[in-house]
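Here's the letter readout for the chains.
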Amino acid sequence: MIIDIHGHYTTAPDALEDWRKRQVAALTDPASGISAADLRITDEQIRASIEQNQLQKMRERGIDVTLFSPRASFMAHHIGNAATSAAWAGICNELCYRVSALYPAFFAGAAMLPQSPGVDTRSCLAEMDRCVREYGFVAINLNPDPSGGHWTSPPLSDRYWYPIYEKMQEYDLPAMIHVSTSCNPAFHTTGAHYLNADTTAFMQCLASDLFTDFPRLRFIIPHGGGAVPYHWGRFRGLAQAMRIDDIEEKLLNNIFFDTCVYHQPGIDLLTRVIPVRNVLFASEMIGAVRGIDPQTGFAFDDTRRYIECARLDDAERQLIFEGNARRVYPLLDQRLKAQGR
């Protein structure tokens, strides 16, 4: 089995974006008003958006299951206030649930949280409860920078985040550390902000004792870990200067990396530097990089090809494709076993 742990509903029907535009417009024109009931998307529209896009590519590429969350760049937690984010997260999560209900063999949900800059993170707990208990979601996405590129939130090691971590441990939920749109012109959203955040999250964990307080916490750092694998020697050297004896012992029981790296040399580096037990298959299709690589003739995000060409034995490939995901996402493992897989 091949499990893709990083998928977003980037192809949602246009009605979703139209609703969001009306919600944002209502922030300055409250009289216009809008509610969740104003969004109408049929099952047929969902099927069309999935079968001609993600599901078609999954079948073409031999991917069995995708962890499916709302479109990351649409989370935009910096817009409006906590009520804005709560309504938006609720709608987006419900749509991902409907996808997983229509295609239970192919998709499992991962929740967007209703984060808002400076707002108590306890405001996220009710949505976490709903997504796990009612929707059967198996993970969350956690935005370390709800400000949208201005980094006004404390580091992930701060007690500000602890209510979310406590709930994660209660449900045995992992979190993908994933920022959203950058509204800071200095940081391109997908080319800089995403990768900066991946690297920043890792360093925040290295410089703290977070996993002493939360030993069962599990973070997935996407996009191959940003700069982390490429600069592993730098991080080892920094750890040595901080008198950390073993960086792998300190972090790699709790931190994992996905394979959203879109060329063979990058995957080769990732799988040589990072222990295979910490690498999980992902493609993020249909995502930020959708074109055909002229050097190979294949899609940049067809990451299965890179894993198959990497210097790995069959047992290592099985861990990356399936075994690690079942271990890191225990609720997903339970879901698959309930389906007889």
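The structure reproduced in this document is the subject of the present report.

1. A few points about unusual backbone geometry
Thought 1: Here Met-285 and Ile-286 are connected by a cis peptide whose omega angle stands at 5 degrees.
Thought 2: Structurally, the position occupied by Ile-286 is in the loop between strand E8 (279-280) and helix H13 (303-309).
Thought 3: In this structure, Ala-76 is a non-glycine residue whose phi angle is positive, near 40 degrees.
Thought 4: On the basis of relative accessibility, which here comes to 6%, the residue Ala-76 falls in the buried class.

2. Observations concerning the packing of aromatic side chains
Thought 1: This model, assessed by the stated rule, comprises 17 aromatic pairs.
Thought 2: Taking 5.3 Å as the distance between ring centres and 40 degrees as the angle between the ring planes, the aromatic pair formed by Tyr-9 and Phe-68 counts as tilted. Placement of the pair is Tyr-9 in strand E1 (residues 3-9) and Phe-68 in strand E2 (residues 65-70), with a sequence separation of 59 residues. For the pair formed by Tyr-9 and Phe-68, the shared burial category is buried.
Thought 3: Ring centres 5.7 Å apart and planes at 55 degrees place the aromatic pair Tyr-165 and Phe-219 in the tilted group. Taken as a pair, Tyr-165 in helix H7 (residues 162-171) and Phe-219 in strand E6 (residues 219-221) lie far apart in primary sequence, 54 residues in all.
Thought 4: Directly above the ring of Tyr-103 sits Arg-47, whose terminal nitrogen or CZ lies 5.6 Å from the centroid.

3. Let's talk about the side chain of Ser-116
Thought 1: You can see Ser-116 is positioned in the loop between strand E3 (107-112) and helix H6 (125-133).
Thought 2: Ser-116 has contacts with His-77, Asn-81, Ala-82, Ser-85, Pro-146 and Tyr-160, leaving out every residue within four places of it along the chain.

4. Topic: the pattern of salt bridges
Thought 1: Considering all chains together, one arrives at 16 salt bridges under this definition.
Thought 2: When the shortest N-O distance is used, the salt bridge between Lys-21 and Glu-17 registers 4.0 Å. With a gap of 4 residues between them, Lys-21 and Glu-17 both fall in helix H1 (residues 14-26), about one helical turn apart.
Thought 3: Where Arg-317 meets Asp-314, a salt bridge forms, and the shortest distance between an N and an O atom there is 3.8 Å. Within this pair, Arg-317 and its partner Asp-314 are both found in helix H14 (residues 314-328), separated by 3 residues, close to a single helical turn.
Thought 4: With a relative accessible area of 66%, Asp-314 lands in the exposed category.
Thought 5: Salt bridges sharing partners connect three or more residues here, namely Glu-322, Arg-326, Asp-333 and Lys-337.

5. A look at helix H5 (residues 82-102)
Working note: α-helix, 3.6 residues per turn, so residues spaced by three or four point in the same direction.
Thought 1: Taking 1.5 Å of rise per residue, 21 residues should cover 30 Å, and H5 covers 30 Å from first to last C-alpha, within 8% of that figure.
Thought 2: With a side-chain oxygen lying 3.0 Å from the backbone nitrogen of Ala-83, the N-terminal cap of H5 falls on Asn-81.

6. Quick look at the sheet that holds E8
Thought 1: With respect to topology, 8 strands assemble into an open sheet ordered E1-E2-E3-E4-E5-E6-E7-E8, the strand pairing being parallel. Bordering the open sheet on either side are E1 and E8, each of which pairs with just one other strand.
Thought 2: Two elements, strand E4 (residues 139-142) and strand E5 (residues 175-177), share 3 bridges in a ladder whose sense is parallel. Across the sheet, the residue bridging to Asn-141 is Met-176, located in E5.
Thought 3: Across the sheet, H7 touches E4, E5 and E6, and the angle it forms with E4 is around 165 degrees.

7. Some points on the packing of H14 against helix H15 (residues 330-338)
Thought 1: Put simply, H14 and H15 touch, their axes get as near as 5 Å, and they point 115 degrees apart. By the criterion of interaxial angle, the relationship of H14 to H15 is roughly perpendicular. In contact with Arg-326, Arg-327 and Val-328 of H14, H15 contributes Pro-330, Asp-333, Leu-336 and Lys-337.
Thought 2: For the contact of H14 with H15, a count of residues per class yields 3 nonpolar, no polar and 4 charged.

8. Here we look at the environment of Cys-96
Thought 1: By secondary structure assignment, the location of Cys-96 is in helix H5.
Thought 2: With 196 residues separating them in the primary sequence, Cys-96 and Ile-292 have C-alpha atoms 27 Å apart.
Thought 3: In contact with Cys-96, other than residues within four places in its own chain, are Tyr-9, Phe-68, Ser-69, Pro-70 and Phe-137.

9. Here's the deal with helix H2 (residues 43-51)
Thought 1: Within H2 the residues assigned to the buried category are Ile-46, Ser-49 and Ile-50. On an axial view of H2, the arc spanned by its buried residues comes to 95 degrees, and they lie on one face.
Thought 2: Buried residues in H2 make contact with E1, helix H3 (54-61), E2, H5 and E3.

10. Remarks on the packing of H5 against H6
Thought 1: Between H5 and H6, the shortest axis-to-axis distance is 11 Å and the interhelical angle comes to 10 degrees. Classified by the angle between their axes, H5 and H6 sit roughly parallel to one another. Contacts between H5 and H6 involve Ala-89, Gly-90 and Asn-93 from the former and Glu-127, Arg-130 and Cys-131 from the latter.
Thought 2: Considering only residue class, the contact of H5 with H6 consists of 2 nonpolar, 2 polar and 2 charged.

11. Structural notes on the pairing of E3
Thought 1: Taking burial as the measure, the 6 residues of E3 include 6 buried ones, the bulk of the element.
Thought 2: By the bridge criterion, 3 bridges tie E2 to E3 in an arrangement that is parallel. Of the residues in E3, the one forming a bridge with Thr-66 is Phe-107.
Thought 3: Both E3 and E4 contribute to a ladder of 3 bridges, which runs parallel. Across the sheet, the residue bridging to Met-112 is Asn-141, located in E4.
Thought 4: For the crossover that starts at E3, traverses H6 and ends in the parallel E4, the hand is right-handed.

How each quantity is defined
- Just so you know, the residues in each chain are numbered from 1, in the order the chain's sequence is written.
- Per-residue local features are limited, in this predicted model, to residues with pLDDT of at least 70; the limit for side-chain atom pairs, both in listing and counting, is 80 or more; totals at the level of whole chains, interfaces and linings are taken over all residues.
- Computation of side-chain values covers all heavy atoms of the structure but excludes hydrogens and water.
- Helix and strand assignments follow DSSP, with helices taken as H or I runs no shorter than four residues and strands as E runs no shorter than two, numbered in order from the N terminus.
- The buried label applies to any residue whose accessible area, calculated with a 1.4 Å probe on protein chains only, is under 20% of its type's maximum; exposed applies above 50%, and partly exposed to all values in between.
- Centre distance within 6.5 Å is the pairing criterion for rings of Phe, Tyr and Trp, where only the six-membered ring of Trp is used; planes under 30 degrees apart are then read as stacked, over 60 as edge-to-face, and the remainder as tilted.
- Charge-over-ring placement is defined geometrically: NZ (Lys) or CZ (Arg) within 6 Å of the ring centre, and within 35 degrees of the ring normal.
- Contacts are assigned to residue pairs that have any heavy atoms within 4.5 Å of one another.
- Just to be clear on terms, a salt bridge is a Lys or Arg side-chain nitrogen sitting within 4 Å of an Asp or Glu carboxyl oxygen.
- By definition here, a helix of n residues has an expected span of 1.5 Å times n minus one.
- By the criterion applied in these results, polar contacts are pairs of N or O atoms within 3.5 Å in which, for protein atoms, one can donate a hydrogen and the other can accept it, and in which residues neighboring in sequence qualify only through two side-chain atoms.
- The pairing criterion is simple: DSSP has to find at least two bridges between the two strands.
- Note on geometry: axes are lines fitted to C-alpha atoms, helical ones only across the stretch in contact, with angles between N-to-C directions running from 0 to 180 degrees.
- With respect to orientation, any angle under 35 degrees is reported as roughly parallel, any angle over 145 as roughly antiparallel, any angle of 65 to 115 as roughly perpendicular, and every other angle as oblique.
- Ten residue types, Ala, Val, Leu, Ile, Met, Phe, Trp, Tyr, Cys and Pro, are classed as nonpolar, four, Asp, Glu, Lys and Arg, as charged, and the remainder, Gly among them, as polar.
- Summarising the geometry, the arc corresponds to the directions from the helix axis toward the C-beta atoms.
- Handedness rule for crossovers: strands pointing away from the viewer, path from the first strand over the helix to the second running clockwise, crossover right-handed.

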